[in-house]
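# Examination of the molecular architecture
What follows is the residue order along each chain.
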Amino acid sequence: MTTASRRSKKRRKLRKQEVNIRAKFRASKESHPIISPKIKKYWLQRYSLFSRYDEGIKMDEEGWFSVTPEEIAVRHAQRSVGGGVVVDCFAGMGGNSIQFASLGYHVIAIDIDPRKVEMASNNAKIYGVDNYIDFIVGDFLQLAPFLKGNVAFLSPPWGGPSYKNTHNFTLDLLKPVNGYTLFQVAQTITPNIIMFLPRNVDVCEVEQLSWLSSPPLNVEIEENYVHGFLKGKTAYFGNAAYWGVGQ
């Protein structure tokens, strides 16, 4: 082999190594996206939010701190009234809708943000349950009078991570309107209501919601933990209260 051919072979080898290094760098950037300091800790918990995160799950910044941890979403689905239609009133990234659909429920998933609905639809396809979910872009408060279902699931915005700084989280701090109004609107759909609320919520106020019906609804409140950490509290109303506790 001549000196020129050896040099040519060496250059080809170096170019190939350079291409491989660049490919690995791109893959590294894709698997470890740039995360803002605001949501870094949530990204570290990504598999608790979606166990299939690496398969193409999509979330916006708000979604990182508002999606229901998957383990809790599974619990909500298991505690739903058996069969029928579930209305997910604030679907967000689709975490709860996916788990309801995984148990065979037909889900009406509503969110006012078209981008969130697009992401939730993508996530549902990853879990293979998109055929069980009807995604609707709209305002739940306006759509509710036209909806009927077996269960209404409420996981309204808590006002961002700052909710933790409130010693006693009252229902008037929920968005887009206070918890009493949200509950009354949900009752136009069904008396069987599930509400996922902050861990520091005022439990007495939550219990008072049951009195908005005549006669008062059954109510059950449970604490929800992930890896030993309290993440939130869930209130079950109507037939959803104590449903499936024996199981």
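For the structure itself, consult the block above.
Treat the numbers as computed from the prediction; the structure is a model and nothing was measured.

### Re the packing of helix 5 (residues 70–78) against helix 6 (residues 95–102)
- Axis separation between helix 5 and helix 6 bottoms out at 8 Å; the angle between their running directions is 45 degrees. As far as their axial angle goes, helix 6 and helix 5 are oblique. Seen along the crossing, helix 5 lies across helix 6 with a hand that is right-handed. From helix 5, Glu-70, Ala-73, Val-74, His-76 and Ala-77 reach across to helix 6, where they touch Gly-95, Asn-96, Gln-99 and Phe-100.

### Thoughts on helix 5
- Every buried residue belonging to helix 5 is among Glu-70, Ile-72, Ala-73, His-76 and Ala-77, and all of these are buried. The arc that holds every buried residue of helix 5, seen down its axis, measures 160 degrees, which confines them to one face.
- Elements in contact with the buried residues of helix 5: helix 3 (46–49), helix 6, strand 4 (151–154), strand 5 (193–197), strand 6 (219–226) and strand 7 (229–237).

### Let's talk about the side chain of Glu-205
- Residue placement: Glu-205 occurs in helix 10 (residues 203–208).
- There is no salt bridge for the buried Glu-205, and the closest opposite charge comes from Lys-233, which lies 12 Å off by N-O distance.
- Aside from chain neighbours lying at most four places away, what touches Glu-205 is Thr-170, Leu-171 and Tyr-180.

### Overview of the pattern of salt bridges
- Tallied over the full model, the rule gives eight salt bridges.
- Note that Lys-116 is salt-bridged to Glu-62, the shortest N-O span being 2.9 Å. Residue Lys-116 is found in helix 7 (residues 114–126), and its partner Glu-62 is found in helix 4 (residues 61–66); the two are separated by 54 residues along the sequence.
- What makes Lys-116 buried here is its relative accessible area of 8%.
- A salt bridge links Lys-116 to Asp-113; the shortest N-O distance between them is 3.4 Å.
- The class for Asp-113 is partly exposed, based on a relative accessible area of 25%.
- Because the salt bridges share partners, they merge into one network encompassing Asp-60, Glu-62, Asp-113 and Lys-116.

### Some details on the nonpolar core
- Formed by 65 residues in total, the largest nonpolar core has its most connected members in Phe-50, Met-59, Phe-140, Met-195 and Phe-237.
- With five residues, the top contributor of residues to this core is strand 5.
- Met-195 has contacts with Leu-154, Leu-174, Phe-183, Leu-209, Lys-233, Thr-234, Ala-235 and Phe-237, leaving out every residue within four places of it along the chain.

Procedures and definitions
Residues numbered from 1 in each chain as written. Predicted model: local features only at pLDDT ≥ 70, side-chain atom pairs only at ≥ 80, totals over all residues. Heavy atoms only, no water. Axes fitted to C-alpha atoms, helices over the stretch in contact; angles between N-to-C directions. Helix = DSSP H or I, 4+ residues; strand = E, 2+ residues; numbered from the N terminus. Parallel < 35°, antiparallel > 145°, perpendicular 65-115°, else oblique. Left-handed = near helix turned anticlockwise from the far one by under 90°. Contact = heavy atoms within 4.5 Å. Buried < 20%, exposed > 50% of the residue type's maximum accessible area, 1.4 Å probe, protein only. Arc of directions from axis to C-beta. Lys, Arg positive; Asp, Glu negative; His and termini not counted. Salt bridge = Lys/Arg side-chain N within 4 Å of Asp/Glu carboxyl O. Core = buried A, V, L, I, M, F, W, Y, C linked by side-chain atoms within 4.5 Å.

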